[in-house]
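Structural features, examined
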Amino acid sequence: MRGGKGVGCALPSPFCAFCSVAASGPPRPPAAVVSAAGRACRRSLGERVPRPARRRLVSAASVEPAGAEAEAPGGEAACSGVLPAMDASLEKMVDPTLAEMGKNLNEAMKMLEDNQRKVEEENEKKYARKDIPGPLQGSGQDMVSILQLVQNLMHGEEEEENSQAYRLQNVGEQGHMALLGHSLAAYISVLDKERLRKLTTRILSDTTLWLCRLFRYENGSAYYHEDDREGLLKICRLVIHTRYEDYTVEGFNVLYTKQPVIYISSAARTGLGQALCNQLGLPLSCMCRVPCNTMFGSQHQMDVALLDRLIKDDVESGKLPLLLVANAGTPGAGHTDKLGRLKELCEQYNMWLHVEGVNLATLALGYVSSSVLAATKCDSMTLTLGSWLGLPAVPAVTLYRHEDPSLSLAAGLTSSQPVEKLRALPLWLSLQYLGHDGIVERIKHASQLSQRLLENLKNLDFIKTSVEDELSSPVVVFKFFQEYSKKDQTSHAAQASTIQHPIISNDRHIYDTFNQWLGEQLAQLVPASGVDVVELEDEGTCVRLSPLMTSAVLGTEIQDVDQLVDCLKMKIPVLTSTLQMREEFEQEVRRTVGLLYVEDLSWPGLGVVRYNYHSDGKDDGKQEKELEKINTEILKKLNELESDLTFSLGPEFGGQKNCVYIGMVTEDLDVSELVETIAATGREIEENSRLLENMTEVVRKGIQEAQLQLQKANEERLLEEGLLRQIPVVGSVLNWFSPFQASPKGRTFNLTAGSLESTESTYVSKAQGTGTTPPPTPTSSLAKQRLPGQKIFKRSLRSSDAFSETSSVSHCDDLEKMDQRPPASSPGQEQGPLETAKTEEQKEVAQATQTDTEDIQSDKLPHDCTKVEEQGSQR
């Protein structure tokens, strides 16, 4: 019931025992909750409310403000229509402190939930280095500045704002009631002891009665606690005080003579047993983990027969069986133990039975399964209403039955301090706001979501569910699993008989990895669904939907579940294709020279490959750096290709180094072309890397050799010219009358061949020599001719239809046959001129790389220098 109700009439039968207004009276708007709460407080304190004020309160509570019925899913529409009426009712309240408290809460919530801030306001209120603690300001700050700081800390950076704000928008007005309860608890705690005692007794009695009747737990008491494990801890202390009469006086000496034993299921929460032993001061030997069924029944249910034998062994060894913790909805799979048989076993050995789990929420529905209904006969149970109903900051509740209040007080289940009883105040307000019908509706809606998903999963192939009840299960756990055909089963059994453990282990790891990826993808695509990934002992990694824990907070609807199913249908073909091609990819990589297949079972994709680079002349450090450089360049070139594949360096933590990780693929992938392209790209990068690596050393040696040769040539030229020509004046006159004819001698350095050559042929032919043609760039030998619009690494429709019948070897043969066909019948005939042009371009590049490094001539002969310059200009 999402409409607003007042405090007195919010809960119909059986909750009307404490109502001051008849159940048939008109419902109050949400705005009157604070007014009615103030009236209840003052009446319980013994004060007389003036009659005119009473009339004003009744009139304010009886008028339904416009827009109170139409509440948005997140509570925004209702709040916008109710806030003016709430402000008006707050002004008429008798207690000014309550009125001021309600106004401050309204203003604070509006400010914290306002995500449409203007740019100038954000610049004015922006706090520099807000994550670093600073000094306390001496003058103090106003409430608006403090709330603005809280808002900035809540929402964080702009990229995190959307996800956080989405959760806050679905808190709704029932969440505001819970927050109001904390404010009221702080205000009420300052009252005098007598008035505080009366008020807290009323709040605690109301809440306990409502919860016991709502969840079918008759004659029970309640303990309210913040930590959901604290209730079980107090119950253990209660049982110890009950079974050991002298425990209060003698303490651990009583436990030493007869060691207590607490039994928990192996499917219980991780660390629960250790936490109990640490808090109780007991050794870990006092905790006994009971295995689950292995042969019959659910593999997540406690093995009752084995538990019986364990208890008998402990009794015979002089131990005292103390308490049994059972599950009505295990934390992982949501299965319920056989509570009926467990209760009989506990009565037989005088043990205490405590039940916890998410399935306890279904006790509020009209139809309850017999396995969960047996929880009403247990000695205690823990309820987490905050997650079930979407109530923030409300305590968990442990309901229990015990006749001795003194022992309950000694165990800490009850307290003589009235302030501790105010823990129930937020829950008291929230339950009244929701009402009986509203509570049941929320739990029923969550059950319908899980049932909707379960019905759709039955029609999907390759999806295996693990639920306790096929007809109705509050928690749905499923996983991707590809069944083997009869032929595959025979071969798989033959392999498993020889190397059974590695095969089973590898298959388990691969499916765990794929299901981990599937769960993350679904959670990212449909965040409102609330799906998560869970690790189960027998099933491995699975995807789980538990609407009772998430739907109330996330606002999950039926269309979100339908969208989840649609996304799942899209991901199943990708998973099946990738799983089928992993083995083919491994075989192709192992057959290809230069590539190394790296087995990484934790990678959700086609596989991992590394270009294998060996250099005998380098140490391990340089070889590792060169290997990293080549594989990084391969990854860069692969990502530049127009393909549908994803290439990466792998996960940030735990992945292999210097590898190329290939992601999920589709059924039309050409594995042979992909592997050959990776190999060809690696060879090309390796040769270019070697050329660049040797370039510096070759050029340096060439320059040194050219200098030596030119120096030797200058010496020979001096001998030929004679001594007279070296004298400044005489040499000029002699050169004028009898010029000396000498051919210019220079050196040119061929980068391709790495050799030093003379420039005489260049001056004679007036053209630069061609030198040596560089080797052609390695390309894929399986370069296939593509159809228009066909992407790389994709098979044609004809070859993709026969994928399941042919292997990668036969596919390579088909490609070679296509290359041998005449050009007239080839659909990609345009590639011939392109390849010719590419060869010519390579020749031009080779000619351009042959350059002159230095032409060093003697500058003592002006005529020769001029001649050399003229020849250089002609060249």
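Calculation notes
- Residues numbered from 1 in each chain as written.
- Predicted model: local features only at pLDDT ≥ 70, side-chain atom pairs only at ≥ 80, totals over all residues.
- Heavy atoms only, no water.
- Helix = DSSP H or I, 4+ residues; strand = E, 2+ residues; numbered from the N terminus.
- Buried < 20%, exposed > 50% of the residue type's maximum accessible area, 1.4 Å probe, protein only.
- Areas by Shrake-Rupley, 256 points an atom, 1.4 Å probe, with all protein chains shown as cover.
- Pairing = 2+ DSSP bridges.
- Axes fitted to C-alpha atoms, helices over the stretch in contact; angles between N-to-C directions.
- Contact = heavy atoms within 4.5 Å.
- Phe/Tyr/Trp six-rings, centres within 6.5 Å; stacked < 30°, edge-to-face > 60°.
- Patch = residues over 30% accessible without salt bridge, like charges linked within 9 Å, V, L, I, M, F, W, Y side chains within 5 Å.
- Salt bridge = Lys/Arg side-chain N within 4 Å of Asp/Glu carboxyl O.
- Arc of directions from axis to C-beta.
- pLDDT = per-residue confidence, 0-100.
- Parallel < 35°, antiparallel > 145°, perpendicular 65-115°, else oblique.
- Left-handed = near helix turned anticlockwise from the far one by under 90°.
- Nonpolar A, V, L, I, M, F, W, Y, C, P; charged D, E, K, R; others polar.

**Observations concerning the overall build of the chain**
Secondary structure assignment for the chain yields 32 helices and 18 strands. When the 875 residues of the chain are sorted by exposure, 46% land in the buried category. Looking at the chain as shown, the accessible area adds up to about 45,800 Å², and 53% of this sits on carbon and sulfur atoms.

**Some points on the sheet that holds strand β5 (residues 352–356)**
If you trace the 7 strands from one edge of the open sheet to the other, you get β1-β7-β6-β5-β4-β2-β3, paired in mixed fashion. Edge strands, defined here as strands with exactly one partner in the open sheet, are β1 (221–225) and β3 (287–290). The sheet shows a mean angle of 20° between the axes of neighbouring strands, direction not considered. Looking at chain direction, strand β6 (residues 380–383) and strand β7 (residues 396–400) are connected through 4 bridges and run antiparallel. Opposite Met-381, over in β7, you have Leu-399 as the bridge partner. Its contacts with the sheet put helix α9 (residues 193–214) on β1 and β7, and the angle it makes with β1 is roughly 110°. Sheet strands in contact with helix α10 (residues 230–243) are β1, β2 (260–265), β4 (320–327), β5, β6 and β7, and its direction is about 155° off that of β4.

**Observations regarding the packing of aromatic side chains**
Enumeration according to the criterion identifies 6 aromatic pairs in this entry. On the basis of an interplanar angle of 35° and a centroid distance of 5.1 Å, the ring pair of Phe-481 and Tyr-511 is categorised as tilted. Placement of Phe-481 in the loop between β9 (476–480) and α21 (486–498) and of Tyr-511 in helix α22 (residues 500–525) is noted, with a sequence separation of 30 residues between them. Residue Tyr-511 is classed as buried on the basis of its relative accessible area of 8%. Each ring, one from Phe-585 and one from Tyr-597, has its centre 6.2 Å from the other, and the planes form 65°; the classification is edge-to-face.

**Remarks on the pairing of β1**
Among the 5 residues in β1, 4 count as buried, and that is most of the element. One ladder, built from 5 bridges, connects β1 with β7; its direction is antiparallel. When the bridges of β7 are listed, Ala-222 appears paired with Leu-399.

**Considering a nonpolar patch on the surface**
Together, Ile-727, Val-729, Val-730, Val-733, Trp-736 and Phe-737 make up a nonpolar patch on the protein surface, roughly 680 Å² of accessible area in all. On the secondary structure map, Val-733 appears in helix α27 (residues 728–737).

**A word on the sheet that holds strand β15 (residues 660–662)**
Ordered by their spatial adjacency, 4 strands build an open sheet running β12-β13-β15-β14, and the pairing between neighbours is antiparallel. Each edge of the open sheet carries a strand with a single partner, namely β12 (595–598) and β14 (647–648). Note that strand β13 (residues 607–611) and β15 share 3 bridges and pair antiparallel. Its bridge partner lying in β15, Val-609 is registered against Val-660. Docked against the sheet, helix α24 (residues 558–591) engages β12, β13 and β15, running at close to 145° with respect to β12.

**Describing helix α15 (residues 339–348)**
Of the positions making up α15, those classed as buried are Leu-339, Leu-342, Lys-343, Leu-345 and Cys-346. Across the axial projection of α15, the buried residues extend over an arc of 165°, all falling on one side. Turned more than 90 degrees away from the buried face of α15, the exposed residues are Glu-344, Glu-347 and Gln-348. Buried residues along α15 sit in contact with α14 (304–316), β4, β5 and α16 (370–373).

**Here's the deal with the confidence of the model for the chain**
Residue-level pLDDT values for the chain average 74, and 64% of them are 70 or greater. Note that residues 1–84 has pLDDT below 50 and, in this model, 142 contacts with residues that lie over four places away or in other chains. For residues 115–120, every residue scores under 50 in pLDDT, and the model assigns this stretch 7 contacts once sequence neighbours within four places are set aside.

**Description of the packing of α10 against helix α13 (residues 272–280)**
Interaxial distance between α10 and α13 falls to 10 Å at its minimum, and their mutual angle equals 55°. The orientation of α10 with respect to α13, classified from their angle, is oblique. Where α10 crosses over α13, the two elements pack in a sense that is right-handed. Along its contact with α10, which presents Leu-232, Leu-233, Cys-236 and Arg-237, the element α13 presents Leu-272, Leu-276, Gln-279 and Leu-280. Its residues assigned to classes, the contact of α10 with α13 shows 6 nonpolar, 1 polar and 1 charged.

**Some points on the environment of Cys-567**
Relative to the helices and strands, Cys-567 resides in helix α24. On the accessibility criterion, Cys-567 (10% relative accessible area) is buried. Sequence spacing of Cys-567 and Val-526 is 41 residues, and the spatial spacing of their C-alpha atoms is 8.3 Å. Among residues more than four places away in sequence, those in contact with Cys-567 are Leu-522, Leu-525 and Val-526.

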